[in-house]
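Understanding the architecture of this molecule
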Amino acid sequence: MSDKDKIIPYLSDDELDKLITDIEGKELVQAPAGIERNVLSFIEYKRRRKTIEFGKYCVRVGFAVAAAIALVCIVPFIPDTQTQIPSREDTVSERNVVSREEVLEKRFLQSKEEVLRERASSGYLEETEFFIQSHIESLFK
């Protein structure tokens, strides 16, 4: 069966009006006997099934939590699992930590006065103002 065979054509307005008047003109059709009972029993079955599934889920979660608590309580008493946590001093002594002074020795740093003098002499503020103004103007164009 191709996709064209599966497509249901739309009714035109005239055909739709004719269908509506035909349906309204006929008497109502009786629903099958027992349909209400079947639908309600199916809904109740689904509700019970969901309740049972939720109960199973709660039991699984409960067992998982109980197992996790049991592990947390039992593991410290197992002799092979007791590991010593190294102190901060041991950890720092094992690492190759470079001091601040060693890092700053390798870099050229300008003093505050040198930076201010350089920025004042080169028109830093004017250049920054021009840069900001040009970006604002380009945004509004």
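Residues numbered from 1 in each chain as written. Predicted model: local features only at pLDDT ≥ 70, side-chain atom pairs only at ≥ 80, totals over all residues. Heavy atoms only, no water.

**Some remarks on a negative patch on the surface**
Residues Asp13, Asp14, Glu15 and Asp17 make up a contiguous surface patch of negative charge. Inspection of the secondary structure puts aspartate 14 in helix α2 (residues 13-25). Using a relative accessible area of 64% as the deciding quantity, one classes aspartate 14 as exposed. (Patch = residues over 30% accessible without salt bridge, like charges linked within 9 Å, V, L, I, M, F, W, Y side chains within 5 Å. Areas by Shrake-Rupley, 256 points an atom, 1.4 Å probe, with all protein chains shown as cover. Salt bridge = Lys/Arg side-chain N within 4 Å of Asp/Glu carboxyl O. Lys, Arg positive; Asp, Glu negative; His and termini not counted. Charge placed at Lys NZ, Arg CZ, Asp CG, Glu CD. Helix = DSSP H or I, 4+ residues; strand = E, 2+ residues; numbered from the N terminus. Buried < 20%, exposed > 50% of the residue type's maximum accessible area, 1.4 Å probe, protein only.)

**Remarks on the pattern of salt bridges**
Enumeration according to the criterion identifies four salt bridges in this entry. Where lysine 18 meets aspartate 22, a salt bridge forms, and the shortest distance between an N and an O atom there is 3.3 Å. Residue lysine 18 and its partner aspartate 22 are both found in helix α2; the two are separated by four residues, about one turn of the helix. When its relative accessible area of 52% is taken as the criterion, lysine 18 is described as exposed. Looking at aspartate 22, the relative accessible area reads 35%, which means it is partly exposed. Across the pair arginine 47 and glutamate 44 runs a salt bridge whose closest N-O atoms are separated by 3.4 Å. Taken together, the positions of arginine 47 and glutamate 44, both in helix α3 (residues 35-74) and three residues apart, correspond to about one turn of that helix.

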